[in-house]
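For reference, the chains in residue letters:
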Amino acid sequence: MKMIISLVFSLFCLLAHSSANKTEEYLIRKITFLPIQSSINPATYHFIKSELKKLSFDNGDFAIIKMNTPGGLVTTTKDILTLMGESDFPIAVWITPEGASATSAGAIISSGAHFLFMSEGTNIGAATPIDVSGDIEKKDAKAKAVNDLSALVSSLAKSRGRDHKNFELMITEAKSFDANQAKKEKIIDDIINSNNELIEAISDSQVRLKDKNLKIKLSDNLKFQTAKMGVGISLLNIFAHPTTAYLLFLIGAALIYFEIQAPGGFIAGGLGAVALILAAIGFQVLPLNFGALGLIILSFVLFVLEIYITSYGILALCGVCSMIFGSLFLFDTPDSYLAIDPIMIFSASLAVILYTLGVGYLIFKTPRDRKFFEEKNKRGHVTKILDKENHLYQVKVEGEIWNAKSNQELNENDNIIVTNKESMTLKIKKVTQGEN
């Protein structure tokens, strides 16, 4: 009886193992290239994620990241590796063209690809983690970062059937390999230089995808397409570069500090606010769509301030830039298929610019020289007390804000009459009861 049970159990395990190792055919109908020609940053992640969401296993898709990168952020790198691990269709990395490299973060991402190819004259490796000021100096911190990434690439390389020791050396010793060395050491699957060689390399090959063993077959009507970054993501790619984001943060903080020390103009504060929001998006402190909404709201605040503050168009120009950036980023996210046509964005922005220029022209066309005040008795009221002891005030006369001086002590909202004008300062006196 025990022997029968044992035989049944063995047969069951054998069937289960056979089922688990069963190879399925995967017919590729379309190959999509995702070109990465910059650092690995939040824009790179958003681009890859949004494009991968458009592809699927059922449609026979195959994605190839054409990589040429000096490296980038570790957090973004791990997010991209997670995208690869969650994908239900194969994703390859092709380090190309000649002269390209996948160093640092690029090498780490390459370790997680289902297929890894290099063109002749390219290299991979040098993935020791560094910070913005150089190598991580503290011994414990460096050891922790190196061990973490070393274990990560080793695990990924093993799961893809590649030599994991050399991937570890890329982390621990910053070792780099050219294409021929990489093929010899079984770091990559093959050296390819054209789409025809790519087809030959993947045709009839096998790959492990999650819990499936897939045998790659190619459709007779195989299609190629290349994804392109939208205008918003292209701009984000610039702002999200670690150095650019850091500089934007420093500039924004400095301008806000200047505004606090010398309040009233709001020009420095407006420019600083735009810079800080862009830096927050670049640092991934703010989600892309929330940051975009913040930029659009800030643009209208700046437009309103332009009405009340003489900035000679600086606030309005800053508002237009903020509106353009915000509009480009608003729907260009991986979680949405909605998008605003860039032509619509630039048309609306052009309309705002033309309106602002028109209003500015009318304002500057209005006479503000001596002839305007040769006729005395122009009337207005006090809007703000600048210096009570020296009788300095801010007044509004016929819709214009002026600095003014009086021989009398005045209060806010007192009605005044202009008696003269010296340079850009008005001479005023309080309207007496008989003059009303």
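Residues numbered from 1 in each chain as written. Predicted model: local features only at pLDDT ≥ 70, side-chain atom pairs only at ≥ 80, totals over all residues. Heavy atoms only, no water.

*Asks:* Let's hear about the sheet that holds strand β2 (residues 61–67): which residues, and what values?
*Replies:* As summarised here, the arrangement of the 7 strands in space is β10-β5-β3-β2-β1-β12-β11, forming an open sheet in which the pairing is mixed. The open sheet has two free edges, formed respectively by β10 (190–191) and β11 (206–209), since each of these has just one partner strand. (Pairing = 2+ DSSP bridges. Helix = DSSP H or I, 4+ residues; strand = E, 2+ residues; numbered from the N terminus.)

*Asks:* Which residues make up the pairing of strand β15 (residues 400–406), and what values go with them?
*Replies:* Of the two faces of β15, only the one carrying Glu400, Trp402, Ala404 and Ser406 is buried; Ile401, Asn403 and Lys405 on the other face are not. Where strand β14 (residues 392–397) lies against β15, 6 bridges are found, and the strand directions are antiparallel. Following the sheet pairing, Gln394 is matched in β15 by Asn403. Between β14 and β15, which pair antiparallel and follow one another directly, the connecting turn spans 2 residues, one of which, Glu398, has a positive phi of 50°. (Buried < 20%, exposed > 50% of the residue type's maximum accessible area, 1.4 Å probe, protein only.)

*Asks:* Got a sec to walk through the side chain of Asn213? Specific residues and values, please.
*Replies:* Position of Asn213 relative to the elements: it lies in strand β12 (residues 212–226). A polar contact is formed between the side chain of Asn213 and the side chain of Arg208, at a distance of 3.0 Å. (Polar contact = N/O pair within 3.5 Å; in protein donor to acceptor, adjacent residues only side chain to side chain.)

*Asks:* Could you give an account of helix α12 (residues 288–308), with specific residues and numbers?
*Replies:* If you check α12, its first and last C-alpha atoms are 31 Å apart, about what 21 residues at 1.5 Å a residue would give, namely 30 Å. Of all the positions in α12, only Leu288, Gly291, Ala292, Leu295, Ile296, Leu298, Ser299, Leu302 and Phe303 are classed as buried. For α12, the angular spread of the buried residues around the axis is 165°, confining them to a single face. Exposed and oriented more than 90 degrees from the buried face of α12 are Phe290, Ile297, Ile307 and Tyr308. (Expected span 1.5 Å × (residues − 1). Arc of directions from axis to C-beta.)

*Asks:* Can you tell me about the side chain of Ser39, naming the residues and giving the values?
*Replies:* Examined against the element boundaries, Ser39 turns out to sit in the loop between β1 (23–36) and α2 (42–52). A polar contact of 2.9 Å, which involves the side chain of Ser39, links it to the side chain of Asn41. Non-local contacts of Ser39, meaning those with residues more than four positions away in its chain, are made with Thr44, Thr69, Pro70, Gly71, Asn237, His241 and Pro242. (Contact = heavy atoms within 4.5 Å.)

*Asks:* Explain the sheet that holds strand β4 (residues 101–103) to me, and be specific about the residues and the numbers.
*Replies:* Whenever strands of a sheet pair, they do so through backbone hydrogen bonds, lying parallel or antiparallel. Across the sheet, 3 strands lie side by side as β4-β6-β9; this open sheet has mixed pairing. The open sheet has two edge strands, β4 and β9 (176–178), and neither has a second partner. Taking the axes of each pair of neighbouring strands and ignoring which way they run, one obtains an average angle of 15° across the sheet. Strand direction decides the pairing type here: β4 and strand β6 (residues 123–125), joined by 3 bridges, are parallel. The residue bridging Thr103 from the neighbouring strand is Gly125, located in β6. (Axes fitted to C-alpha atoms, helices over the stretch in contact; angles between N-to-C directions.)

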